Amino acid sequence: MQEPINGFEMYYEDSGGAGLPLLLIHGFPLNGRMWAPQVAHLRDRYRVIVPDLRGHGRSEAVHGPYLMDLLAQDLNALLDRLQVDEPVVVAGLSMGGYITFAFYRQFASRVRAVILAATRAGEDAQAGKENRAKTAQKAEEQGAAAVVADMLPKMMAPVTYERKPDLVAQAQDIMLETSREGVIGASLGMKERPDSKPTLEKMSVPGLILHGADDQLMPPGEAESMHAALAGSDLHILPEAGHLLNLEQADLFNQQVGRFLSGLERR
Ligand code: MLT
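So, a few notes on the structure that sits alongside this text. (Residues numbered from 1 in each chain as written. Predicted model: local features only at pLDDT ≥ 70, side-chain atom pairs only at ≥ 80, totals over all residues. Heavy atoms only, no water.)

Describing the pairing of strand β2 (residues 8-14)
Where a strand is regular, its side chains alternate between the two sheet faces.
Moving on, step 1. Relative to β2, strand β1 (residues 2-5) runs antiparallel, the two sharing four bridges. Note that in β2 the partner of Pro 4 across the bridge is Glu 9.
Moving on, step 2. Linking β1 to β2, which pair antiparallel, is a turn of two residues; within it Asn 6 sits at a positive phi near 50 degrees.
Moving on, step 3. Pairing geometry for β2 and strand β4 (residues 47-51), over three bridges, is antiparallel. From the neighbouring strand, Glu 13 faces β4, where its bridge partner is Val 50. (Pairing = 2+ DSSP bridges. Helix = DSSP H or I, 4+ residues; strand = E, 2+ residues; numbered from the N terminus.)

A short note on the site of the ligand
Moving on, step 1. Around the ligand, the surrounding shell consists of Gly 27, Phe 28, Ser 94, Met 95, Tyr 98, Arg 120, Arg 132, Met 190, Leu 217 and His 243.
Moving on, step 2. Arg 120 places a side-chain nitrogen or oxygen 3.4 Å from an oxygen atom of the ligand.
Moving on, step 3. Between an oxygen atom of the ligand and a side-chain N or O atom of His 243, the distance comes to 2.8 Å.
Moving on, step 4. Protein contact buries 93% of the 260 Å² of open area that the ligand shows by itself.
Moving on, step 5. Tallied by class, residues from the shell around the ligand come to five nonpolar, three polar and two charged. (Near = heavy atom within 4 Å. Polar contact = N/O pair within 3.5 Å; in protein donor to acceptor, adjacent residues only side chain to side chain. Areas by Shrake-Rupley, 256 points an atom, 1.4 Å probe, with all protein chains shown as cover. Nonpolar A, V, L, I, M, F, W, Y, C, P; charged D, E, K, R; others polar.)

Looking at the packing of aromatic side chains
Moving on, step 1. Applying the stated criterion to the full structure yields two aromatic pairs.
Moving on, step 2. An angle of 55 degrees between the planes, with centres 5.1 Å apart, marks the rings of Phe 103 and Phe 107 as tilted. With Phe 103 and Phe 107 both in helix α3 (residues 95-107) and four residues apart, the pair spans about one turn of that helix.
Moving on, step 3. Of the residues examined, Phe 107 reaches a relative accessible area of 17% and is grouped as buried.
Moving on, step 4. In this structure, Arg 193 packs its charged tip against the face of Tyr 98, placed 3.9 Å from the ring centre. (Phe/Tyr/Trp six-rings, centres within 6.5 Å; stacked < 30°, edge-to-face > 60°. Buried < 20%, exposed > 50% of the residue type's maximum accessible area, 1.4 Å probe, protein only. Lys NZ or Arg CZ within 6 Å of the ring centre and 35° of its normal.)

As for the sheet that holds strand β6 (residues 111-117)
Moving on, step 1. A sheet is described by the order of its strands in space; here eight strands give the open sequence β1-β2-β4-β3-β5-β6-β7-β8, paired in mixed fashion. Strand pairing shows two members of the sheet lacking a second neighbour, β1 and β8 (234-238), which therefore form its edges. Neighbour-to-neighbour, the strand axes of this sheet turn through a mean angle of 25 degrees, independent of strand direction.
Moving on, step 2. Note that strand β7 (residues 207-212) and β8 share five bridges and pair parallel. Paired with His 211 across the bridge in β8 is Ile 237. (Axes fitted to C-alpha atoms, helices over the stretch in contact; angles between N-to-C directions.)

Observations concerning the pairing of β7
Moving on, step 1. Among the six residues of β7, six are classified as buried, and the element is accordingly described as predominantly covered.
Moving on, step 2. Where burial is concerned, the two faces of β7 agree: the one with Gly 207, Ile 209 and His 211 and the one with Leu 208, Leu 210 and Gly 212 are both buried.
Moving on, step 3. Here β6 runs beside β7; their pairing, made up of four bridges, is parallel. What sits directly across from Val 114, in β7, is Gly 207.

Brief notes about helix α12 (residues 250-266)
Moving on, step 1. Over its 17 residues, α12 runs 24 Å from end to end, which matches the ideal 24 Å to within 8%, given 1.5 Å per residue.
Moving on, step 2. Within α12, burial applies to Ala 250, Phe 253, Asn 254, Gln 256, Val 257, Gly 258, Phe 260, Leu 261, Ser 262, Gly 263 and Leu 264. (Expected span 1.5 Å × (residues − 1).)

A short note on the side chain of Arg 193
Moving on, step 1. Inspection of the secondary structure puts Arg 193 in the loop between α8 (180-191) and α9 (197-202).
Moving on, step 2. With residues up to four places along the chain from it excluded, the contact list for Arg 193 reads Met 68, Tyr 98, Arg 120, Gly 122, Glu 123, Asp 124 and Arg 132. (Contact = heavy atoms within 4.5 Å.)

Things to note about the packing of helix α4 (residues 126-142) against helix α5 (residues 144-151)
Moving on, step 1. Direction vectors running N to C along α4 and α5 enclose 130 degrees, while the axes themselves pass 6 Å from each other. As far as their axial angle goes, α5 and α4 are oblique. Counting all contacts with α4, which are made through Thr 135, Lys 138, Ala 139 and Gln 142, the residues of α5 involved are Ala 144, Ala 146, Val 147 and Asp 150.
Moving on, step 2. Counted by class, the contact of α4 with α5 contains four nonpolar, two polar and two charged residues. (Parallel < 35°, antiparallel > 145°, perpendicular 65-115°, else oblique.)

As structure tokens, then:
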């Protein structure tokens with residue numbers, strides 16, 4: 001469904017079950033469709049809310065930059081719109097993780113627990129910031145598809161490209177739904193994101209950290225550092241999985257998420 005949220009037309013799905021609410025935040029340059037295996041697994045038991053961030057998927061392609069704080073405010077406005085009063089489990093993959101930190105900084109009382117997948121707490125180093133600017137420029141000059149073509153070979157584990165070509169094609173389709181404005185806005189927004197290590201150290205909610213052993217974009221060491229900083233968190237490194245581990249190892253991913261959520265319900 002698409003409706004005006006925080007000044008733009010946001011597409012979201014709310015699979016409206018009665019259980020604990022979950023907010024699934026996609027990565028870049030992706031959209032809520034990347035969470036299909038998780039929605040299918042969780043929707044009978046939980047209320048699963050899956051937005052497309054501004055400029056991504058079926059949401060409106062507004063101009064950026066999309067600061068992580070702004071994207072978190074969009075999601076807060078969505079929860080208001082949906083009248084979700086109880087704290088939610090916020091799950092973010094990669095850029096979705098950066099937004100989870102920004103959400104926690106601004107709206108901690110709305111967070112029941114966090115799931116951090118294929119992400120990292122640190123800000124970009126200088127070279128990384130320069131690359132963000134180059135990505136935005138490339139999208140400006142050549143369109144979003146040129147950036148997708150650069151990124152696609154790094155999004156998954158080498159073994160996924162060999163053995164699961166249909167999954168690679170599916171990821172490519174999803175990535176190609178990102179608008180030029182979305183690629184520019186998100187790249188410039190990620191470039192400006194602050195260091196979230198202090199946020200992680202102060203978090204007082206349960207956390208599950210999941211990472212692919214063969215993530216070509218972020219080494220598993222990032223997940224280990226987050227695990228050390230987030231008191232009481234669980235960490236699982238999934239084998240034969242890259243940056244899109246929730247698709248590449250959907251069953252293992254769902255198992256860990258299911259176990260974590262059942263544990264939360266027992267607390
Ligand atoms: C993502 O998957 O969201 C991006 O790889 C994050 C990033 O570029 O830092």
